[in-house]
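# Structural overview
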Number of protein chains: 2
Amino acid sequence: MIILSKLADYGVIIATHLAAFPARQVNATTLAAETRLPQATVAKVLKALAHAGLVSAARGATGGYRLARPATAISVAEVVAAIDGDIGLTQCSVHVEDCARTTYCPTRPHWSAINRAVGEALSAVSLDAMLTPAAFIRGISLSPNPSQSDEHRFSA
Amino acid sequence: MIILSKLADYGVIIATHLAAFPARQVNATTLAAETRLPQATVAKVLKALAHAGLVSAARGATGGYRLARPATAISVAEVVAAIDGDIGLTQCSVHVEDCARTTYCPTRPHWSAINRAVGEALSAVSLDAMLTPAAFIRGISLSPNPSQSDEHRFSA
DNA sequence: TCTATTACGTACCAGTTTGGTACGAATTGG
DNA sequence: CCAATTCGTACCAAACTGGTACGTAATAGA
């Protein structure tokens, strides 16, 4: 199962790329080329980020985007939420009223604890941290071919 | 955004329900009625759980399903993985080879730490724990209308 | 001040995945 | 031998995601 949508993944890549050059104002086309992402999709992601106030947009001939706040003050959770909406484990976590089993479902109250753990994991990492070498976060190999490591896959 | 698929959510509900009556062998139709879930969907979920070895299926006239292991020895993560597959934050977490940006994408190594946090959050909760009152896990209100609480929603 | 260039923002369309259903094959107890 | 029950496969519909195209707004230069 994949937790993050492609767009949310792109959003983190784009935001991190912006964080790498804080003072620069860059347009969507250039950003797309530098990140190797489709131009139109990048524009769509940037729009969502701008709407959430994470990046500021300047129009006109010399316009472009830049981060609205320092990279240390923007968490991955914010970027993901800007694109995919609030984070919730189950349907009833986000739309409580839609669940017909509200009165007797025994499992529902327990999701909140797991929900919180996920949210905190995403909130704990800032864009700035995404730029630092991975080794600073955990003992992750920086080998050229990280697929040798099992770190990226979680198996029960 | 919703992290768990509906089927995975159903899977936890069904597995928890089975855990509530450990010795009983029950068929899919009865299980569907008791959980208020569509019969055909329950059968599909049970098939996935049986395939993963979490429940044992008995065929024939007096057949049915039961947990293959004690409820304390089955984690929510296993149930989810049985239905939705391995847990991964991003596409490249599960299918590393599919990512064309492998060589220069700076964000990828960092996902593993978040991945691990999510996996541990799901692994830490057993089916047995899902049956105990929520208050034992965190200070969650047990009021008849839990929607009054904000615990279920995570906002950045 | 006008015009042309540049880029943002919105609306629309196609593909894929997920959720749900129905039918047939196999197995066991009476 | 028959009936009941489950497993397994194949199929269909709906929702969502991803991608594209077009219109609108703003600025720089003349």
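Everything quoted here is computed from the prediction, not taken from an experiment.

### Comments concerning the overall build of chain A
- Across its full length, chain A holds seven helices and two strands.
- Traced from its N-terminal end to its C-terminal end, chain A shows the element sequence α-α-α-β-β-α-α-α-α.
- A buried classification covers 47% of the 156 residues belonging to chain A.
- When contacts within chain A are restricted to residue pairs at least 6 apart in sequence, those whose partners lie at least 24 apart make up 59%.

### Concerning the packing of helix α1 (residues 6-20) of chain B against helix α2 (residues 28-35) of chain B
Residue and element names in this part refer to chain B.
- At a closest axis distance of 11 Å, the pairing of α1 and α2 adopts a crossing angle of 105°. As judged from the angle between their axes, α1 and α2 are roughly perpendicular. In contact with Ile13, Ile14, His17 and Leu18 of α1, α2 contributes Leu31, Glu34 and Thr35.
- Along the lines of polarity and charge, the residues of the contact of α1 with α2 split into four nonpolar, two polar and one charged.

### A look at the protein's contact with DNA strand D
- In the neighbourhood of DNA strand D, 21 residues make up the surrounding shell, with A:Lys6, A:Lys44, B:Asn27, B:Ala57 and B:Tyr65 lying closest.
- Near-protein atoms of DNA strand D (within 4 Å) split between backbone and bases, with sugar and phosphate holding 74%.
- Measuring from a sugar or linking oxygen of DNA strand D, one finds a side-chain N or O atom of A:Arg59 at 2.9 Å.
- Of all the elements in the fold, those that place two or more residues in the surface near DNA strand D are α1 (6-20) and α3 (39-51) of chain A together with β1 (55-58) and β2 (64-67) of chain B.
- Class assignment of the residues belonging to the surface near DNA strand D gives a composition of nine nonpolar, seven polar and five charged.

### Here we look at the confidence of the model for chain A
Residue and element names in this part refer to chain A.
- Of all residues in chain A, 73% have pLDDT values of 70 or greater, and the mean over the chain is 74.
- Element-level mean pLDDT values for chain A span from 62 in helix α5 (residues 91-94) up to 89 in helix α4 (residues 76-84).
- Residue range residues 134-156 is modelled with pLDDT below 50. Its contacts to residues more than four positions away, or to other chains, number 37 contacts.

### Comments concerning the pattern of salt bridges
- One pass over the full model with this rule turns up four salt bridges over all chains.
- Across the salt bridge formed by A:Glu78 and A:Arg69, the nearest N and O atoms sit 3.0 Å from each other.

### Quick look at the protein's contact with DNA strand C
- Around DNA strand C, 21 residues are found, and the nearest of them are A:Asn27, A:Lys47, A:Tyr65, B:Lys6 and B:Lys44.
- Considering the 4 Å shell around the protein, atoms of DNA strand C inside it are sugar or phosphate in 75% of instances.
- The side chain of A:Lys47 places a nitrogen or oxygen atom 3.4 Å from a phosphate oxygen of DNA strand C.
- Between DNA strand C and the protein, one listed contact pairs a sugar or linking oxygen with a backbone N or O atom of A:Gly60 at 3.5 Å.

### A closer look at the nonpolar core
- Ranked by internal contacts, the top residues of the largest apolar core, which has 81 residues, are A:Ile3 and B:Ile3.
- Excluding residues that lie within four positions of it along the chain, B:Ile3 makes contacts with A:Met1, A:Ile3, A:Ile87, A:Gly88, A:Leu89 and A:Val118.

### A closer look at the side chain of B:Ser75
- Its location among the elements puts B:Ser75 in the loop between β2 and α4 (76-84).
- Every residue in contact with B:Ser75, bar those within four places of it in the chain, is listed here: B:Leu122, B:Ser123, B:Val125 and B:Ser126.

### Brief notes about unusual backbone geometry
- Despite not being glycine, A:Arg36 shows a phi value in the positive range, around 60°.
- Its place among the elements puts A:Arg36 in the loop between α2 (28-35) and α3.

### Some details on the environment of A:Ser5
All names here are of chain A.
- For Ser5, the location among the structural elements is in the segment before α1.
- As for Ser5 and Asp84, which are separated by 79 residues in sequence, their C-alpha atoms are 7.5 Å apart.
- For Ser5, the side chain forms a polar contact with the side chain of Asp84, separated by 2.9 Å.

### A closer look at the environment of B:Ala68
Residue and element names in this part refer to chain B.
- By secondary structure assignment, the location of Ala68 is in the loop between β2 and α4.
- As for Ala68 and Leu54, which are separated by 14 residues in sequence, their C-alpha atoms are 5.4 Å apart.
- When sequence neighbours within four positions are dropped, the list of residues in contact with Ala68 reads Gly53, Leu54, Val55 and Ser56.

Conventions adopted
- Residues numbered from 1 in each chain as written.
- Chains lettered and ligands numbered in written order.
- Predicted model: local features only at pLDDT ≥ 70, side-chain atom pairs only at ≥ 80, totals over all residues.
- Heavy atoms only, no water.
- Helix = DSSP H or I, 4+ residues; strand = E, 2+ residues; numbered from the N terminus.
- Buried < 20%, exposed > 50% of the residue type's maximum accessible area, 1.4 Å probe, protein only.
- Contact = heavy atoms within 4.5 Å.
- Axes fitted to C-alpha atoms, helices over the stretch in contact; angles between N-to-C directions.
- Parallel < 35°, antiparallel > 145°, perpendicular 65-115°, else oblique.
- Nonpolar A, V, L, I, M, F, W, Y, C, P; charged D, E, K, R; others polar.
- Near = heavy atom within 4 Å.
- Polar contact = N/O pair within 3.5 Å; in protein donor to acceptor, adjacent residues only side chain to side chain.
- pLDDT = per-residue confidence, 0-100.
- Salt bridge = Lys/Arg side-chain N within 4 Å of Asp/Glu carboxyl O.
- Core = buried A, V, L, I, M, F, W, Y, C linked by side-chain atoms within 4.5 Å.

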